[in-house]
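Report on the structure
The primary structure of each chain is shown beneath.
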Amino acid sequence: MASPNLPIDLGNGITALDILQGIWASERVRSAPGEGTEELEFSEYKPGSDQQLLAMLGTFPASRWRELCNGAGWTPIAASALTWCKDGDLSDALTVYRELGQIPQPAGALEWAATMLKPDLLPENRFSVLIENGEDAVGLGVLIAARHEPPIMDIDAALEARLNVDLRALLDARSHASDFKPELVVG
């Protein structure tokens, strides 16, 4: 048998397992708002606390995060956390999101998890680039949901008209949130 891996201290005695438990707790709170969250001590958490936990994963190998999540179970926030790990990348996270098989909905827990993708790894916020990087409706939905502002619409109007209802809802939510309609550049 190979030598067992020892826990990696990511700072202040916090391990990857602690981070996984913390972000899972946030995900559960966001998945079931109003259902007993007032009883949880962390229900009044600060919005940046999840990002602080994720940032601690910068020295934790992505391969070990995959092993941890393969054993414990993948969730959308665990997929986003993969992008914060050492050698983590966006394509691996999108692969997990595809396996989970859901397009984010506006104001849902999956949308929140998508906003936790490491911003430095997100592609340019042009719709054509998001399509290329997203590869399918789930990946595209995650990339749209990852930002609060709408993408620059640089696709043909006919293609835009054929977007499925879930993708259209995400785009509409971003357009209304910023009080700005993305320009349509007909190519």
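Right above here is the structure, for reference.
In what follows, the accompanying structure is described. (Residues numbered from 1 in each chain as written. Predicted model: local features only at pLDDT ≥ 70, side-chain atom pairs only at ≥ 80, totals over all residues. Heavy atoms only, no water.)

1. What about the environment of Leu-110?
When you line up the elements, Leu-110 lands in helix H6 (residues 109-115). Here Leu-110 falls in the buried class, since its relative accessible area comes to 12%. The contact partners of Leu-110, leaving out residues within four places of it in the chain, are Pro-76, Tyr-97, Gln-102, Ile-103 and Pro-104. (Helix = DSSP H or I, 4+ residues; strand = E, 2+ residues; numbered from the N terminus. Buried < 20%, exposed > 50% of the residue type's maximum accessible area, 1.4 Å probe, protein only. Contact = heavy atoms within 4.5 Å.)

2. Considering helix H8 (residues 137-145)
Most of H8 is tucked away, with eight of its nine residues classed as buried. When H8 is considered as a whole, its buried residues turn out to be Val-138, Gly-139, Leu-140, Gly-141, Val-142, Leu-143, Ile-144 and Ala-145.

3. Side note on the nonpolar core
Counting 48 residues, the largest nonpolar core has Ile-23, Leu-57, Trp-65, Tyr-97, Leu-117, Phe-127 and Ile-144 as the members making the most contacts within it. The element best represented in this core is H8, accounting for six residues. With residues up to four places along the chain from it excluded, the contact list for Tyr-97 reads Pro-76, Ala-79, Ser-80, Gln-102, Leu-110, Ala-113, Ala-114, Leu-117, Val-138 and Val-142. (Core = buried A, V, L, I, M, F, W, Y, C linked by side-chain atoms within 4.5 Å.)

4. Examining the pattern of salt bridges
Using the criterion set out here, one finds nine salt bridges in the structure. Salt-bridge contacts for Arg-126 lead to Asp-154; the nearest nitrogen and oxygen are separated by 3.8 Å. Taken together, the residues span a long stretch of sequence, with Arg-126 in the loop between H6 and helix H7 (127-134) and Asp-154 in the loop between H8 and helix H9 (157-161) at a distance of 28 residues. According to the relative accessible area criterion, Arg-126 is partly exposed, its value standing at 26%. A salt bridge links Glu-160 to Arg-168; the shortest N-O distance between them is 3.2 Å. Overall, the relative accessible area of 16% leaves Glu-160 in the buried class. For Arg-168, a relative accessible area of 26% corresponds to the partly exposed category. Look at the salt bridges and you will find they share partners, linking Arg-98, Glu-135 and Asp-136 into a network. (Salt bridge = Lys/Arg side-chain N within 4 Å of Asp/Glu carboxyl O.)

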